[in-house]
Amino acid sequence: MSVLYRVLKLLRPYRLSLMVGLLCLLLSTGAMLLQPVFWQKMVDQVLDKKQTDLFWPLILAMLGCGVLNAFCGGLRSWLLERTGQKFVLELRRSLYAHLQSQSLSFFHDRRTGDLISRVIGDIDTLQEVVINGIDGFLSNILSMIGVAVVLVLYNWKLGLATVAPVFVTFTLMYRYNKKVKPVYRAARDKLGDVSSKLQENLTGVQSVKAFAREEQAASKFEETIRAFFMQNLLGISLRTKFMPAVQFISHVGSFISIGYGAYLVMNKEVSVGVLVACRGYWWQLYGPVYSIAGINDMLQRASAAGGRVFDLLDTKPELSDAPNAIELPKVKGEVVFHHVSFNYASRNGIVKDLSLRVPAGTRVGLAGPSGAGKSTLLNLIPRFYDPQSGSISIDGHDLKSVTQSSLRRQIGMVLQESFLFNDSILENIRFGRPSATREEAERAARDANAHEFIEKLPKGYDTMVGERGVKLSGGQRQRIAIARAFLANPAILLLDEATSAVEPESEAIIQQALDRLMSGRTTFVISHRLSIIRACDLIVILENGVRIEQGSHQELLDGNGLYAQMYRMQMEGAPSAAQLAAGGGK
Ligand code: ATP
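Below: a short report on this structure. Quick caveat, the model's predicted, so the values are computed rather than measured.

### Some words on the sheet that holds strand 4 (residues 389-394)
Here is step 1: Pairing within the open sheet is antiparallel, and its four strands lie in the order 2-1-4-5. In this open sheet, the two edge strands, each paired with only one partner strand, are strand 2 (347-358) and strand 5 (397-398).
Here is step 2: Taken together, the two bridges between strand 4 and strand 5 define a ladder with antiparallel strand orientation. When the bridges of strand 5 are listed, Ser393 appears paired with Asp398.

### Brief notes about the sheet that holds strand 9 (residues 538-543)
Within a sheet, adjacent strands bond to each other through the backbone by hydrogen bonds, running parallel or antiparallel.
Here is step 1: Across the sheet, which stays open at both edges, the six strands sit in the order 6-7-8-3-9-10 with mixed pairing between neighbours. Across the chains shown, the open sheet's two edge strands, defined by having one partner strand only, are strand 6 (411-414) and strand 10 (546-551). Going across the sheet, the axis of each strand differs from the next one's by a mean of 20°, ignoring polarity.
Here is step 2: Looking at chain direction, strand 7 (residues 492-496) and strand 8 (residues 522-526) are connected through five bridges and run parallel. In the sheet register, Leu494 faces strand 8, and the bridge partner there is Phe524.
Here is step 3: Contacts from helix 19 (residues 562-572) reach strand 3 (363-367), strand 9 and strand 10, with the element oriented near 100° to strand 9.

### Some remarks on helix 9 (residues 272-314)
Here is step 1: In a regular helix each residue adds 1.5 Å, so 43 residues correspond to 63 Å; helix 9 covers 60 Å between its end C-alpha atoms and thus fits that length.
Here is step 2: Burial within helix 9 is extensive, with 32 of its 43 residues counted as buried.

### Points about unusual backbone geometry
Here is step 1: The backbone of Lys268 shows a phi angle near 60°, a positive value even though the residue is not glycine.
Here is step 2: Note on placement: Lys268 falls in the loop between helix 8 (214-266) and helix 9.
Here is step 3: In the Ramachandran plot, Asp353 falls in the positive-phi region, its phi being about 45° despite a non-glycine side chain.
Here is step 4: Mapped onto the fold, Asp353 is located in strand 2.

### Some remarks on a nonpolar patch on the surface
Here is step 1: Residues Leu16, Val20, Phe71, Leu75 and Trp78 make up a contiguous nonpolar surface patch of about 540 Å² in total accessible area.
Here is step 2: Secondary-structure elements contributing two or more residues to the nonpolar patch are helix 2 (15-48) and helix 3 (55-100).
Here is step 3: The leading source of residues in the nonpolar patch is helix 3, at three residues.
Here is step 4: With respect to the helices, strands and loops of the structure, Leu16 is situated in helix 2.

### Overview of the packing of aromatic side chains
Aromatic rings in a pair are described by how distant their centres are and how their planes are angled relative to each other.
Here is step 1: Within the structure shown, the criterion is met by 14 aromatic pairs.
Here is step 2: Seen from their ring centres, Tyr176 and Phe242 are 4.1 Å apart, and the 5° between their planes marks the pair as stacked. With Tyr176 in helix 6 (residues 156-203) and Phe242 in helix 8, this pair connects stretches of sequence that are 66 residues apart. Accessibility classification places Tyr176 together with Phe242 in one group, the buried group.
Here is step 3: Taking the centre distance of 4.8 Å and the plane angle of 45° together, the rings of Phe421 and Phe431 count as tilted. Residue Phe421 is located in the loop between strand 6 and helix 12 (425-430), and its partner Phe431 is located in the loop between helix 12 and helix 13 (438-447); the two are separated by ten residues in the primary sequence.

Cut-off values and rules
- Residues numbered from 1 in each chain as written.
- Predicted model: local features only at pLDDT ≥ 70, side-chain atom pairs only at ≥ 80, totals over all residues.
- Heavy atoms only, no water.
- Pairing = 2+ DSSP bridges.
- Helix = DSSP H or I, 4+ residues; strand = E, 2+ residues; numbered from the N terminus.
- Axes fitted to C-alpha atoms, helices over the stretch in contact; angles between N-to-C directions.
- Contact = heavy atoms within 4.5 Å.
- Expected span 1.5 Å × (residues − 1).
- Buried < 20%, exposed > 50% of the residue type's maximum accessible area, 1.4 Å probe, protein only.
- Patch = residues over 30% accessible without salt bridge, like charges linked within 9 Å, V, L, I, M, F, W, Y side chains within 5 Å.
- Areas by Shrake-Rupley, 256 points an atom, 1.4 Å probe, with all protein chains shown as cover.
- Salt bridge = Lys/Arg side-chain N within 4 Å of Asp/Glu carboxyl O.
- Phe/Tyr/Trp six-rings, centres within 6.5 Å; stacked < 30°, edge-to-face > 60°.

Laid out in structure tokens, this is it:
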């Protein structure tokens, strides 16, 4: 389906504004079309045949047409521009909602900068079509057709001779569009590359500086902007051949119309007044033709941008709620894995045939070598991914039978790096439950051992944390994340290396807060520090996606398997290559 057709479909709700706009367009075009008729009458009847009583009526008629044209033109622009802005607002809203409905793998396979470029830049380009494109295209097409018809009616021979070159222009435009479309699309894609590279370099600025790799980062950015520049040059080179060609054809049209017109006047086939009127119409014919050529170019660029927007909108979410999905009722937190196997699109055997029953309130420790599949297993519980086979249930409800939002509301997560928004501390805590009062948020912060440090900040709970929380320490960020989880009060808690990235003294405070948070909730804990894992009720050891051991700390020590080996190594405090390989992935 062409981009323009889809844009028109999306414009359906605004059809009333569009129709009034079009009516204004018809009136203002008609008013302009009448002008040369008055010129002709002025020349032939007032000047030539001395019918002076027609002088003032003709002047008033011309003025009236001018006023009508200005009023209708203004109203039309206002209506269409407003419609264009509303259309863009709606498109951005639905594109954002569509992005949010996508699964995690969608975002892993795409570049954030490119997605931003589609939501911002590409939609902006599309906005131009709605505001200036449709308006300009229709008004010019309409006046061009009107003028062509009037010209032919005036004198069919002179009319056809004047109009004929227009067909050549349109044939040329058709061929130009075929060539320029892929060039413009590639240019939009390259702009997406620029946005991605910029986003990556800015996000990773600390690493760039730490390794003194500014030059390397700049040269990679230079490569991307140069590729964009070269692609734009290709477009410019096509455009700068096409537009002068259109101009040249219009000049040829002018010679034909004047030459042939003069010949007809000399042969007394038409009056001088008709020739004057036809000259007036010539301007009104080729002005729109030239404008259409320009608008066509804008439409091609917008079509390339629109293609990128609609490509996104057409991506079906990999994971969606079943049509008959129910709201997950408040759960106690029993989690059951039933013969679960999971692969990433590009990697097989990440989790292999895992069955596990975790009674409500149990603390499960997941350990094993780096890359064993621990985090992946955790991500299956909130349904960030669906297993290829087997099933997972919570309190007997298959995850696929409940809505994703009702499921995730009952699950809290604290990861190694917690993401904070560039907002106040209070709002970041309230992210766990937006309806919470300030007092509830403060209580959650106290439970998370965060209240004390927050109070010491210059603006307390109203302190802005900076992008991704950069103005706080790692340990402080973790405590805000824990406060969030307290506020959300989930039945199930997922902790993935929640204390790994913080200093030992901070770790003790965080661990204390986590112990409080875990109390009475089903908790899955991933940690390479086995001192944390040993306190769990049940420990599961994974290797290459397979559960190789399971039991309590004592049972696993007695079993003398991988866990016992890893534990002894850590307790003896002798770091070795084997130990690093076994636990140090995070
Ligand atoms: P670590 O302790 O090092 O964090 P882990 O046991 O948590 O490791 P996972 O993060 O679950 O391991 O990764 C399991 C395997 O899946 C790894 O081999 C990893 O390379 C791969 N993997 C992880 N995420 C993806 C992804 N989005 N796409 C493809 N492969 C992935």
